[in-house]
Amino acid sequence: MNIGRNDLCHCGSGKKYKKCCLSKDEEAVRQDVIKPKAPISLQAISHDPDCSHRWGDGDYAHAAPDSAFTPASEPDPYFEAWDERWEEFEAADYEERIALFTQTLNDPPSPLAPALVSGMDDEMAFRMLNELFFQTIKHDERDRFDALTESLRERDPRVYQENADYILDWRITNALVSGRFDLAAALLRKLAPIAHRAFDLWNQVRERMAYYDQLPALIEAMRLSWPSIRESREIKPLAIGEYRALCAHMETLNYLEEAPEPRIEDPAFRERLRFFMDDDENYDYAQQAVWIDCLVGRNNHPWALDDFKIELHIQPQRSDEEILKTLVASEPNYGLRHLSELTARFIHYLHKEEGKSYVKAELARDEIYTLIAKREMARGSNQRRRGQAGRRESPGNPLALSSQDLDARLEVLLESLIPSPYKAAALMESAPAWMRFLESQQLIDADLCRRRLRDFEPIADNLIETLDRDPTDPRISLALKRQAERRRSDLLL
């Protein structure tokens, strides 16, 4: 299970993982390794200071599960008072909940928790604010939620800091939806230095900023986030490597916005890249030069479908991390390299022909590349198995998207433990443009393009319906609705 200490718990309780099932999961792992044959004695108890209290850093001892001995425990007055306040909050209406949040924040600390400075602890603050975030959206009072978080920051900085990653995430969403991009950038600068604490959440915020075309603010924040992410022991090295490559991509896109004639030889641009590359002698500047040429339209040589044959065969059910490990360990795959260059050309097409920003186009490009690469690698594995059995399958067009492709990828993006609605929207918005781009490159014919565009219509409608059920950011589905209206208008002409 890949879940951070500050992520929401996988059990669905609404609590942070470190305050809910972390200690239980760690104990299960220990028991699986140790597998004792006799009951564990009282001397075998272990301390878990990060997870023993829902209210902060306690130091209670926890005995391992033992069918032969279950120690008796007295009712904890702090737990009882905590549960009573939470039950009162759950039973309250909207205005009463806001009043209870303010009351709890202004209450004196419990004598049973002398480390606190108010009646609020970090878990109570998180759970109350998590509920109030969605309720203030429902009542169209996002500013009121922001004011509550400011009151927490002023009254109890420690509790605020414990929840800063989530609070800043919520407030960045509010700022973007409200069109206050300067405020979103300022909040992002505060989140960046602690991005390593909740890396998955940080990536969601990054995708959100990209969808809203906030490239300069994003670049600044990624630079602020890089030192702590690079040194993190909780983020897997492979994920750190991916993030570094992404930072280099973002620097490149930002460079394109500023330079009239972008060149890899530009010393100022190389210095930007070196900030993330750490003088990596293996960094492929030659391939980066090809990438830039594709992005600005200087690379226009014709392609044939055979250029995109992907010989590396990987099972479709394997995770993205497993696939990336295989790719890193394998010899250069020219089909994948050509696909990367073609999708870079697509960014240029989106920017020039469709008026999309480079950063939002990259969000879509990455999803299209991932979808096609995984599909073709899975198809190669299936063909190999069928070939061994004496059967063959028509390969089809290796670049065209189908409604089944989109439906499956959107399900992955929206139904995963950490959903990516902004990636899903960017993919759906750009899928028709990808088909038009392939037609312009003579890689599909006009008839296939028209048929697939018609097939995309119900997929887009289903996505709009799904996004409408989440009121957090109505602008996502609104953009898709406007695009659908334009397509229908074009059909009537």
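Residues numbered from 1 in each chain as written. Predicted model: local features only at pLDDT ≥ 70, side-chain atom pairs only at ≥ 80, totals over all residues. Heavy atoms only, no water.

**Student:** What is the right way to read the pattern of salt bridges from this model?
**Tutor:** Side-chain pairs of opposite charge can arise where the charged atoms are in close proximity. Inspection of the entire model under this criterion finds 35 salt bridges. Between Arg451 and Asp447 there is a salt bridge, and its shortest N-O distance comes to 3.1 Å. Of this pair, Arg451 and Asp447 both sit in helix α19 (residues 446-468), four residues apart, roughly one helical turn. (Salt bridge = Lys/Arg side-chain N within 4 Å of Asp/Glu carboxyl O. Helix = DSSP H or I, 4+ residues; strand = E, 2+ residues; numbered from the N terminus.)

**Student:** Would you take a moment to explain helix α4 (residues 122-138) for this structure?
**Tutor:** One turn of the α-helix equals 3.6 residues, which is why residues spaced by three or four share an orientation. Between its terminal C-alpha atoms α4 stretches 24 Å, which fits the 24 Å expected from 17 residues at 1.5 Å a residue. In terms of burial, α4 is largely enclosed, as 14 of its 17 residues are buried. The distance from a side-chain oxygen at the start of α4 to the backbone nitrogen of Glu123 is 3.0 Å, and the residue carrying that oxygen is Asp121. Looking one or two residues past α4, Asp140 carries a phi angle of roughly 55°, positive in sign. (Expected span 1.5 Å × (residues − 1). Buried < 20%, exposed > 50% of the residue type's maximum accessible area, 1.4 Å probe, protein only. Polar contact = N/O pair within 3.5 Å; in protein donor to acceptor, adjacent residues only side chain to side chain.)

**Student:** It is not clear to me how the side chain of Asp121 should be interpreted in this structure. Could you clarify?
**Tutor:** You can see Asp121 is positioned in the loop between α3 (94-106) and α4. A relative accessible area of 1% places Asp121 in the buried class. One polar contact links the side chain of Asp121 to the main-chain amide nitrogen of Glu123, over a distance of 3.0 Å.

**Student:** Hey, could you run me through the packing of helix α8 (residues 181-191) against helix α10 (residues 215-231) in this one?
**Tutor:** Two numbers describe how α8 lies on α10: the axes approach to 9 Å, and their chain directions differ by 10°. With respect to their mutual orientation, α8 and α10 come out roughly parallel. Taken together, the residues of α10 that come into contact with α8 (itself represented by Ala185, Leu188 and Arg189) are Ala217, Leu218, Glu220, Ala221 and Leu224. Along the lines of polarity and charge, the residues of the contact of α8 with α10 split into six nonpolar, no polar and two charged. (Axes fitted to C-alpha atoms, helices over the stretch in contact; angles between N-to-C directions. Parallel < 35°, antiparallel > 145°, perpendicular 65-115°, else oblique. Contact = heavy atoms within 4.5 Å. Nonpolar A, V, L, I, M, F, W, Y, C, P; charged D, E, K, R; others polar.)

**Student:** Looking at this structure, I do not really get unusual backbone geometry. What am I missing?
**Tutor:** Unlike most non-glycine residues, Asp140 shows phi in positive territory, near 55°. Along the chain, Asp140 falls in the loop between α4 and α5 (142-155). The exposed category is assigned to Asp140, whose relative accessible area is 67%. Although it is not a glycine, Gln442 adopts a positive phi angle of roughly 60°. Among the secondary structure elements, Gln442 is positioned in the loop between α18 (421-440) and α19.

**Student:** What is the right way to look at the nonpolar core in this model?
**Tutor:** One finds Leu152, Trp202 and Trp434 to be the most contacted residues of the largest nonpolar core, which totals 135 residues. No other element matches α18, which puts 12 residues into this core. Those residues in contact with Leu152 that sit more than four places away from it in its chain are Phe101, Leu105, Met120, Ala125, Leu129, Pro157, Val159, Tyr160 and Ile167. (Core = buried A, V, L, I, M, F, W, Y, C linked by side-chain atoms within 4.5 Å.)

**Student:** In this structure, what is going on with the packing of aromatic side chains? I would like to understand it.
**Tutor:** What characterises a pair of aromatic rings is the spacing of the ring centres plus the angle enclosed by the ring planes. Per the counting criterion, the structure on display carries 23 aromatic pairs. Put simply, the rings of Phe126, Phe133, Phe134, Phe145, Tyr166 and Trp170 touch in pairs and so form one group of aromatic residues. The ring of Tyr285 has Arg270 lying over it, and the distance from NZ or CZ to the ring centre is 4.2 Å. In this structure, Lys360 packs its charged tip against the face of Tyr211, placed 3.9 Å from the ring centre. (Phe/Tyr/Trp six-rings, centres within 6.5 Å; stacked < 30°, edge-to-face > 60°. Lys NZ or Arg CZ within 6 Å of the ring centre and 35° of its normal.)

**Student:** Would you mind showing me how to read the packing of α5 against helix α7 (residues 164-177) here?
**Tutor:** Any two packed helices are characterised by how steeply their axes cross, that is the angle between the axes, and by the distance between the axes. Close contact between α5 and α7 brings their axes to 10 Å; oriented N to C, the two are set at 150°. By the angle between their axes, α5 is roughly antiparallel relative to α7. In the crossing of α5 with α7, the sense of the turn from one axis to the other is left-handed. On the side of α5, the interface is formed by Arg142, Phe145, Asp146, Thr149, Glu150 and Leu152, while α7 contributes Ile167, Trp170, Arg171, Thr173, Asn174 and Val177. (Left-handed = near helix turned anticlockwise from the far one by under 90°.)

**Student:** In this structure, what is going on with the environment of Arg450? I would like to understand it.
**Tutor:** Among the secondary structure elements, Arg450 is positioned in helix α19. Residue classification places Arg450 among the partly exposed positions, given a relative accessible area of 46%. Put simply, Arg450 and Met435 are 15 residues apart on the chain and 8.7 Å apart in space, counted from C-alpha to C-alpha.

**Student:** Just checking my understanding: could you explain the environment of Ala245 for this structure?
**Tutor:** Among the structural elements, Ala245 can be located in helix α11 (residues 237-258). Accessibility expressed as a relative area gives 39% for Ala245, which makes it partly exposed. Residues Ala245 and Phe276, 31 residues apart in the sequence, show an inter-C-alpha distance of 8.3 Å.

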